[in-house]
Amino acid sequence: MSTDLQIEVSQMEGRVPVTVLRVSGQVDASNNQSLQNKATEVYEGGARNILLDLENVDYMSSAGFRVMHSVYTMLKDSGDDNSTLKLLKPSDAISRILKTLGFDTEFSSHSDLKEAVDAF
Amino acid sequence: MRTQYRLTLEADLANLAKIRDFIDEAAAEINIASESVSEIRLAVDEAAANIIVHGYQDAKGTIDIEVRQEGNAVIIKLRDSAPQYNPLDAPEPRLDLPLEQRSLGGAGILLMKEYMDSVKYRIPKDGNNELVLMKTIR
């Protein structure tokens with residue numbers, strides 16, 4: 001069974017430009033590197049405000065959260081104080097883990113795309 | 001209806017999805033509530049990923065997973081032949097530090113302990129490592 005992740009990149013404009021990574025599939029230790037690679041690629045292309053759209057992610061293990069942590073840190077270390085990561089439509093299971101790992105106090109989750117983009 | 005389910009497979013990250021499917025199938029036959037199934041599925045994935053990444057590292061090997069119902073609990077044993085390694089010894093994430101100051105590892109163990117009622121490591125007679133996860137299901 002293929003566990004490849006699909007990641008679509010798009011650009012939105014709120015108060016600042018926002019790069020949206022729309023992820024589809026189940027994120028685990030076999031495929032989390034592809035998400036990390038895509039995030040690094042957009043960052044190196046100049047992205048400083050990244051929205052992870054998780055609407056189509058029905059499972060994420062700690063491997064996925066490690067990527068979120070790494071991307072968050074990369075943005076924080078960028079030298080731009082306003083650079084950050086936000087999440088769109090995480091499932092209840094993912095939201096619970098965000099709370100357990102203390103990620104929910106570091107970056108926000110949103111249930112609406114426009115609201116998420118405007119929150120940057 | 002069986003009360004014991006067993007899967008042996010190559011310790012390969014590409015098999016994590018297969019392991020999750022196996023847990024889902026066994027859990028459905030044991031009639032475990034879906035929220036508990038999600039928790040068990042995650043815990044077993046974390047345990048297996050640790051065995052593959054930290055136990056075997058780049059070496060080949062197998063993982064043997066047994067799921068058994070015992071009274072009102074489900075017991076899952078993961079056995080492997082990687083060099084002896086207790087995953088419970090690894091440091092847990094420093095939740096007291098700001099995220100950007102924390103090292104990346106340890107979340108898997110934290111989630112295993114959060115979602116299972118007990119997580120124990122032992123060295124079995126016929127292998128190198130055994131992790132026993134237990135959760136009350138009724």
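This report concerns the structure included in the present document. For clarity, every value in this text was computed on a predicted model and none was experimentally measured. The residue numbering used here restarts from 1 in each chain and proceeds along that chain's sequence as written. To read the labels, note that chains go from A and ligands from 1, taken in the order they are written. Per-residue local features are limited, in this predicted model, to residues with pLDDT of at least 70; the limit for side-chain atom pairs, both in listing and counting, is 80 or more; totals at the level of whole chains, interfaces and linings are taken over all residues. Calculation of side-chain values draws on the structure's entire complement of heavy atoms; hydrogens and water are dropped beforehand.

Topic: the packing of aromatic side chains
Residue and element names in this part refer to chain A. Two rings from Phe, Tyr or Trp (for Trp, the six-membered ring) form a pair when their centres sit within 6.5 Å of each other. Planes less than 30 degrees apart are called stacked, planes more than 60 degrees apart edge-to-face, and all others tilted. Across all of its chains, the model carries three aromatic pairs over all chains by this definition. Between Tyr72 and Phe107, the aromatic rings sit 5.5 Å apart at their centres with planes inclined by 40°, giving tilted as the arrangement. Of this pair, Tyr72 sits in helix H2 (residues 62–76) while Phe107 sits in the loop between helix H3 (92–100) and strand E5 (109–110), and the two are 35 residues apart along the sequence. When a residue's accessible area, from a 1.4 Å probe over protein chains only, is under 20% of the maximum for its type it is buried; when over 50% it is exposed; and in between it is partly exposed. The exposure class assigned to Phe107 is buried, which follows from its relative accessible area of 5%. Whether a charge sits over a ring depends on NZ of Lys or CZ of Arg being within 6 Å of the ring centre and within 35 degrees of the ring normal. The lysine or arginine in question, Arg48, covers the ring of Tyr43, its NZ or CZ lying 3.9 Å from the ring centre. Between Lys86 and the ring centre of Phe120, over which it is positioned, the NZ or CZ distance is 5.4 Å. Runs of E in the DSSP output that reach at least two residues are strands. Runs of H or I that reach at least four are helices, and both are numbered from the N terminus.

Points about the sheet that holds strand E2 (residues 17–27) of chain A
Residue and element names in this part refer to chain A. Here we have five strands laid out as an open sheet, ordered E1-E2-E3-E4-E5, and mixed in their pairing. Looking at the sheet topology across the chains shown, the edges are occupied by strand E1 (6–13) and E5. Any two strands with at least two DSSP-identified bridges between them are counted as paired. Pairing between E1 and E2: eight bridges, direction antiparallel. Within the sheet, the bridge partner assigned to Ser10 lies in E2 and is Val20. Relative to the sheet, H3 contacts strand E3 (49–60), strand E4 (84–88) and E5, its axis offset from that of E3 by approximately 120°. Contacts between residues were defined by any pair of non-hydrogen atoms, one from each residue, lying within 4.5 Å. To obtain each axis, a line is fitted to C-alpha atoms, and for helices this fit is confined to the stretch in contact; angles are then taken between N-to-C directions over 0 to 180 degrees.

Let's talk about empty space enclosed by the protein
Residue and element names in this part refer to chain B. Buried and open spaces are told apart on a 1 Å grid over the protein atoms alone, a cavity being a set of points where a 1.4 Å probe fits but cannot get out and a pocket being an open set with protein on both sides within 12 Å along at least five of seven lines. Residues with an atom within 4 Å of a point are the lining residues. Grid points are joined across faces, edges and corners, and a volume is the space filled by probe spheres set on the points. With the rule as written, the count across this model stands at three cavities of 30 Å³ or more. The computed volume of the largest cavity comes to approximately 100 Å³. Per-element accounting of the lining of the largest cavity gives the leading share, four residues, to helix H2 (residues 34–56). Residues are sorted three ways: Asp, Glu, Lys and Arg are charged, Ala, Val, Leu, Ile, Met, Phe, Trp, Tyr, Cys and Pro are nonpolar, and all the rest, Gly among them, are polar. A breakdown of the residues in the lining of the largest cavity according to their chemical character gives nine nonpolar, three polar and two charged. As a volume, the second largest cavity reaches approximately 80 Å³.

Focus: the sheet that holds strand E1 (residues 4–10) of chain B
Residue and element names in this part refer to chain B. Strand order in this open sheet of five strands is E1-E2-E3-E5-E4, and the pairing throughout is antiparallel. Edge positions in the sheet fall to E1 and strand E4 (118–122), since each of these pairs with one other strand and no more. Across the sheet, the mean angle from the axis of one strand to that of its neighbour is 15°, orientation sign disregarded. Relative to strand E5 (residues 129–136), E4 runs antiparallel, the two being bridged by five bridges. Its bridge partner lying in E5, Lys120 is registered against Val132.

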